[in-house]
Amino acid sequence: MIDFDTVQSYIGFNKFKKEPMEKYDFLVLGSGIAGLSAAIEASIAGKVLIISKDESKESSTEYAQGGIAAAMNDEDKVSFHFRDTLVAGDGLCNPDAVHILVGEGPQYIHRLIDWGTKFDKEKTRLVFTREAAHSHKRVLHAGGDSTGKEIVRALLAKVSSIKNITIRQFVFAIGLLNDKNGRIIGASYLDERSQKVGKVYANAVILATGGAGRVYSDTTNPELATGDGMAAAALAGAELQDMEFVQFHPTVLLAPGAPRFLLTEAIRGEGGILKNINGERFMPEYDERAELAPRDVVSRSILLELKKTNAKHVFLDLSGITSVDVRERFPQVYQNCLVYNLDLKKDLIPVTPAAHYYIGGVKADINGKTSLEGLFAAGEVSCTGVHGANRLASNSLLEGLVFGTRAGRSALDYVLAHPDVNDKSEQDYNTLTRKISPEEALKMKEEVQRLMWEKVGVLRTPDKMNRAVEYFREKYDEFVSLNGSRISTETRNIFIVGFFTAFASLQRKESRGTHYREDYSQKNEERIHSRYCLNDLF
Ligand code: FAD
Ligand code: SIN
C-alpha cells in the first residue's frame, strides 16, 4: 500500500505543505441544504467539521429558483403530494422514502421558518405556487425566484450560532479514507487558500456534495457540480444506484454569450407557454397536460419540435400571464434576461433543455446509510429512490432538508453506538496519480462533457450509448489516474460519473421517467433499480 506521504510526492501535492492531523466526531462534505441540515442535527452530540470547496454559500441550493414543495396549503393534503411524487417517479419510487419526504417535510419547513427563512407571503399567509405535475399549489418560494438563496442564508446563520460546528471554505475533498476493515474514517483534502493538503478523521462521514450536472456540456448547474462525492464513494467501493436517470430541465436560456440560465418551471405554472420557432404553441399536440406535463415529457417534446422545425431553440412566452406581475414575481430571471436584451414581459425568450438534476447517486437507505460502514449520504449526491425515475419539481430542496436531517441523526446514532476511530491503517483512493497542466485537464473535461451530451442525452440510442461506454473503458486508466489539482480531480470525477451513467443507461432496456431510448420506447413490467460498483462497469 502506498502511504499518504508517498502519494503526495507522486501527484505533485508535495509542493503543498501538510496540515497537522485533525479529528472530529462528524465530517460533513458540502454546505448545501443537505450538508447544513445534517450538520445541525449531528452537532447535538459532537463536534462537526463542514468543508466546502468554494465559498460556503456557493452550491446548487443557492441557485434554486422555483421553490420547495410541501403540502401545507389548506386545499392540499400530504396524500396528494405522495401520489404526485409517485406518478412523476414513473413506477420506480421507493414508497417508504416518499412517505417520509412528504410526511415529515412540513415540520422541517416550519423549523426553517423558525430559524428565520422568509418565504413569500400575502399579508400574513404563505403563498404557494403550482409547478408541472403537481395537482395542487404547494410550492413555497422566497424573494420571488430566489428561494435557495434565502434558505442558505437562514441555514448558515443557524450554523454560525452553533458552537459545535466549524465550517471551512475553499477546502476541496479529494478522496475518502478507510481503515483496514473498510470503515470510512475521514477524507483527504486540498485547502486551496493555504495550498496545504491534509487528512481529516471523523467517527462518521456525511457526503452532501450535491449533484453532477457538469458531467454534461449543457447544464443549469453551477461549476462545482462535478459529482465529486459520487466519484469518491465509487472509488472507495460504494454502490451507485439509478445513475441512468438524469433530469433535463426544459426551459434554459439559449442566448448568444449567455450561460445556461434556468427559467423556472414556476413561469409555466403561472401560465407561460411554449412556442416553436414559427410562433406556434406545440405542447398540446404532445401531451394533454401541455406545458404542465412532467419535465421529461416537455424536454423530449421540445427536442422533437426542434427536429421538426429545424431549429436550435423554442420560445417561452410570458405575455399571457395576468395573475402576477412577471417582474415582481420573477425578479432574478427578469434581470438576467435583461442582460441579454430580453424583456420577460414582452419578448419571446429562446429556451432549450439542459441537464439539471442527478436522480441517481450513492445508494442510501432512508436514514442515509450507504453500502460502506461509517459513510452516510444525503441530498443530490445520494439515491434513496425517493424520486424514482423522475423527480417532481421542487422536491429536491425538500429531500435535502428531510434526508439531510435524517442522515445527521443516523450518523449521530452510529457514532454513539460505535467505538471511536482509532485504527489509522487507512488507504486513500488517490494512489494512481498523473500530473497534467490545468489546460490539458480542461480539454479532457470538455471532451467528456460533449460526449455525454451527444451520446447519453435526452434521446438515447444503443449505438450512441455503446460508443460512450467504449470510450470510457478505453480511456479509464488515463482519466482515473488524474490528480494533483482541483481541476484534474474534478475531471477524473466527471469521467467516473459519466461512465456510470453511460453504462447504466445501456443496461436499462426500457424507457422510463427521464431515461428514454429509441430502441425500447416502452416500460418493462419489472420495476428494478440499477445498482453498480465501479468493478461492474468492465
Ligand atoms: P448542493 O446544494 O449542490 O451543495 C453541494 C455542496 O458540496 C457545496 O457546498 C459544494 O461546495 C460542496 N462540494 C462539492 N464537492 C466538494 C468537494 N470535492 N469538496 C468539498 N466540498 C464539495 N430544487 C428544488 O427543489 N427547487 C428548485 O426551485 C430548484 N431550482 C434549481 C435551480 C437550479 C439552477 C439548480 C442548479 C438546481 C435547482 N434545484 C431545485 C435542485 C436543487 O437545488 C439541488 O438538487 C439541491 O439544492 C442539492 O442540494 P445539496 O445540498 O444536495 O447539494
Ligand atoms: C425550477 O425552478 O424550475 C427548478 C425547480 C426544480 O428543479 O425542482
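Scroll up to find the structure this text is about.
Note that the coordinates shown come from a computational prediction; the quantities given were computed from them, not determined experimentally.

The rules behind these values
- Counting restarts for each chain, with residues numbered from 1 along the sequence as it is written.
- Working convention: letters from A go to chains and numbers from 1 go to ligands, in the order in which they are written.
- In view of the model being predicted, local features appear only for residues whose pLDDT reaches at least 70, and side-chain atom pairs are presented and counted only at 80 or more, with totals across whole chains, interfaces and linings using the full set of residues.
- No hydrogens and no water enter the side-chain calculation; it runs on all heavy atoms of the structure.
- Throughout, near means a residue has at least one heavy atom within 4 Å of the molecule or strand.
- Whenever two N or O atoms come within 3.5 Å, that pair is a polar contact, provided that in protein one can donate a hydrogen and the other can accept it, and provided that, for residues adjacent in sequence, both atoms are side-chain atoms.
- Note that accessible areas follow from Shrake-Rupley with a 1.4 Å probe, and for residues the cover is restricted to the protein chains shown.
- The aromatic pairing rule takes the rings of Phe, Tyr and Trp, using the six-membered ring of Trp, and pairs them if the centres are within 6.5 Å, calling planes under 30 degrees apart stacked, those over 60 edge-to-face and the rest tilted.
- A positively charged side chain is recorded as over a ring if its NZ (Lys) or CZ (Arg) lies within 6 Å of the ring centre. The angle to the ring normal must also be within 35 degrees.
- Any residue under 20% of the maximum accessible area for its type is buried, any over 50% is exposed, and the rest in between are partly exposed; the area is computed with a 1.4 Å probe on protein chains only.
- Helix numbering and strand numbering both begin at the N terminus, where a helix is a DSSP run of H or I of at least 4 residues and a strand a DSSP run of E of at least 2.
- Note on pairing: two strands pair once DSSP finds at least 2 bridges between them.
- Expected span of a helix, by definition, is 1.5 Å for each gap between consecutive residues, and there is one gap fewer than residues.
- Taking the helix axis as origin, the arc is that swept by the directions to the C-beta atoms.
- In what follows, salt bridge is the name for a side-chain nitrogen of Lys or Arg lying within 4 Å of a carboxyl oxygen of Asp or Glu.

Engineer: An account of the site of ligand 2 is requested, with residue identities and associated values reported.
Structural biologist: Taken together, Gln 65, Gly 66, His 249, Leu 262, Thr 264, Glu 265, Arg 295, His 356, Arg 391, Ala 393 and Ser 394 make up the full set of residues near ligand 2. In this structure, an oxygen atom belonging to ligand 2 sits 2.6 Å away from a main-chain N or O atom of Glu 265. A total of 260 Å² of accessible area belongs to ligand 2 in isolation, and the protein chains cover 92% of it.

Engineer: Explain the packing of aromatic side chains to me, and be specific about the residues and the numbers.
Structural biologist: Taken as a whole and judged by the stated rule, the model has 17 aromatic pairs. An aromatic cluster is defined as three or more aromatic residues linked by ring pairs; in this entry it consists of Tyr 471, Phe 472, Tyr 476, Phe 479, Phe 495, Phe 499 and Phe 538. Of note, Arg 391 hangs over the ring of Tyr 357, and the distance from its end group to the ring centre comes to 4.2 Å.

Engineer: Can you explain unusual backbone geometry? Please cite residues and give values.
Structural biologist: For Asp 90, which is not glycine, the phi dihedral falls at a positive 55°. For Asp 90, a relative accessible area of 19% corresponds to the buried category. In this structure, Asn 341 is a non-glycine residue whose phi angle is positive, near 60°. Mapped onto the elements, Asn 341 comes out in the loop between α12 (331–339) and β17 (349–358). Judged by its relative accessible area of 70%, Asn 341 falls in the exposed class.

Engineer: Explain the pairing of strand β12 (residues 196–207) to me, and be specific about the residues and the numbers.
Structural biologist: Extensive coverage of β12 is indicated by the burial of eleven of its twelve residues. Across seven bridges, the pairing between strand β2 (residues 22–29) and β12 is parallel. The residue of β12 that forms the bridge with Lys 23 is Tyr 201. Summarising the sheet, strand β11 (residues 184–191) and β12 pair through six bridges and their orientation is antiparallel. Residue pairing across strands places Ala 187 opposite Val 200, the latter belonging to β12. Inspection of the sheet shows β12 paired to strand β19 (residues 375–377) by three bridges, in the parallel sense. Residue Val 205 lies in a different strand from β19, and its bridge partner there is Leu 375.

Engineer: Would you mind going over the pairing of β17 in detail, with residue names and values included?
Structural biologist: Across the ten residues that make up β17, a large majority, ten, are buried. For strand β14 (residues 246–253) and β17, the ladder comprises six bridges, and the chain directions are antiparallel. Considered in β17, the bridge of Val 252 is made with Thr 352. Note: strand β16 (residues 314–317) against β17, three bridges, orientation antiparallel. Note that in β17 the partner of Leu 316 across the bridge is Ile 349.

Engineer: Before we move on, can you summarise helix α14 (residues 438–455) with the specific residues and values?
Structural biologist: Helix length check: α14, at 18 residues, gives a terminal C-alpha distance of 26 Å against a target of 26 Å (1.5 Å per residue), a fit within 8%. Within the span of α14, buried status applies to Ala 441, Met 444, Lys 445, Val 448, Gln 449, Leu 451, Met 452 and Lys 455. Projected down its long axis, α14 carries its buried residues within an arc of 160°, all on one side. Seen from the open side of α14, the exposed residues pointing more than 90 degrees away from its buried face are Glu 439 and Lys 443.

Engineer: Please set out the pattern of salt bridges residue by residue, giving values where relevant.
Structural biologist: Following the criterion strictly, the structure yields 35 salt bridges and no others. Two residues, Glu 41 and Arg 409, come together in a salt bridge whose shortest N-O distance is 3.0 Å. Of the two residues, Glu 41 is situated in helix α2 (residues 33–42) and Arg 409 in helix α13 (residues 395–417); the sequence distance between them amounts to 368 residues. Put simply, Lys 53, Asp 54, Glu 192, Asp 228, Lys 445, Arg 486 and Glu 490 are held in one network by salt bridges that share partners.

Engineer: Any details on the sheet that holds strand β22 (residues 531–532)? Residues and values, ideally.
Structural biologist: Pairing within the open sheet is mixed, and its four strands lie in the order β20-β18-β13-β22. Looking along the sheet, the strands with just one partner apiece sit at the ends: β20 (382–383) and β22. Note that strand β13 (residues 240–241) and strand β18 (residues 361–363) share two bridges and pair antiparallel. If you follow Leu 240 over to β18, its bridge partner there is Val 362.

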